[in-house]
Amino acid sequence: MDANEKVQDMIVITGHLADLLERENAALKAHRPGEVKAMLEEKTKLARAYEVGIKGLRDAPSSLAGADEDLRERLRLLARRMEELMAENARLLKMAITVGRRVMESFAMAVKSVDTGAGTYAASGSIAMRKSGRRSAPRGPAVTINQSL
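Our subject in this report is the structure included herewith. Quantities reported herein were computed from a predicted structural model and do not represent experimental measurements. (Residues numbered from 1 in each chain as written. Predicted model: local features only at pLDDT ≥ 70, side-chain atom pairs only at ≥ 80, totals over all residues. Heavy atoms only, no water.)

### Overview of helix H2 (residues 33–59)
Compared with an ideal rise of 1.5 Å per residue, which puts 27 residues at 39 Å, H2 spans 37 Å between its outermost C-alpha atoms and is within 8% of the ideal. A bend of about 40 degrees at Leu40 is the largest found in H2. (Helix = DSSP H or I, 4+ residues; strand = E, 2+ residues; numbered from the N terminus. Expected span 1.5 Å × (residues − 1). Bend = angle between axes of the 7 residues up to and from the residue.)

This is the structure we're talking about:
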């Protein structure tokens, strides 16, 4: 594979990954986690291909020596765009994770704060009031066993 083909391959991979990051960022901003999840497999594949390609170019910079300058400039511009998109993506993902964690913590706190003691009955057969002034919900119907059998 000659230098122009290598650069062209990286342009294609980088362009696809940049487009996907733009879509994912838009989905994150619009709070559409289903769309983000649907893009995960494609994002993983493109990110791996991008990483391998960039590593190959960094390990053998002389392989780019014969590449057309216009192609190299296109790749540089795309790389800058990728850096911006990845930074935004990381920020949006961190924010989404933080919000999700806070929502789950709020749910957990709400569940823990509910008075879930066993229901007790007053002499009249009604559910007794707790000290908090709330009624305890019975866990199930009262059952007695006839042991005379």
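### A few points about a nonpolar patch on the surface
Side chains of Met95, Val99, Val103, Met104 and Phe107 sit close together on the surface and give an oily, nonpolar patch of about 490 Å² of accessible area. On the secondary structure map, Val103 appears in helix H3 (residues 69–113). (Patch = residues over 30% accessible without salt bridge, like charges linked within 9 Å, V, L, I, M, F, W, Y side chains within 5 Å. Areas by Shrake-Rupley, 256 points an atom, 1.4 Å probe, with all protein chains shown as cover. Salt bridge = Lys/Arg side-chain N within 4 Å of Asp/Glu carboxyl O.)

### A closer look at the side chain of Asn25
Locating Asn25 in the fold gives a position in helix H1 (residues 3–29). On the accessibility criterion, Asn25 (2% relative accessible area) is buried. Setting aside residues no more than four positions away along its own chain, Asn25 makes contact with Leu85, Glu88, Asn89 and Leu92. (Buried < 20%, exposed > 50% of the residue type's maximum accessible area, 1.4 Å probe, protein only. Contact = heavy atoms within 4.5 Å.)

### Points about the layout of surface pockets
Counted as a void, the largest pocket has a volume near 360 Å³. For the lining of the largest pocket, the elements supplying multiple residues, two or more each, are H2 and H3. Sort the elements by how many residues they give to the lining of the largest pocket and H3 lands first, with seven residues. Looking at the lining of the largest pocket residue by residue, the classes come out as seven nonpolar, no polar and five charged. (1 Å grid on protein atoms, 1.4 Å probe; cavity = no way out; pocket = protein on both sides within 12 Å on 5 of 7 lines; lining within 4 Å. Points joined across faces, edges and corners; volume = space filled by probe spheres on them. Nonpolar A, V, L, I, M, F, W, Y, C, P; charged D, E, K, R; others polar.)

Everything listed here is a matter of coordinates, which is why it stays silent on function.
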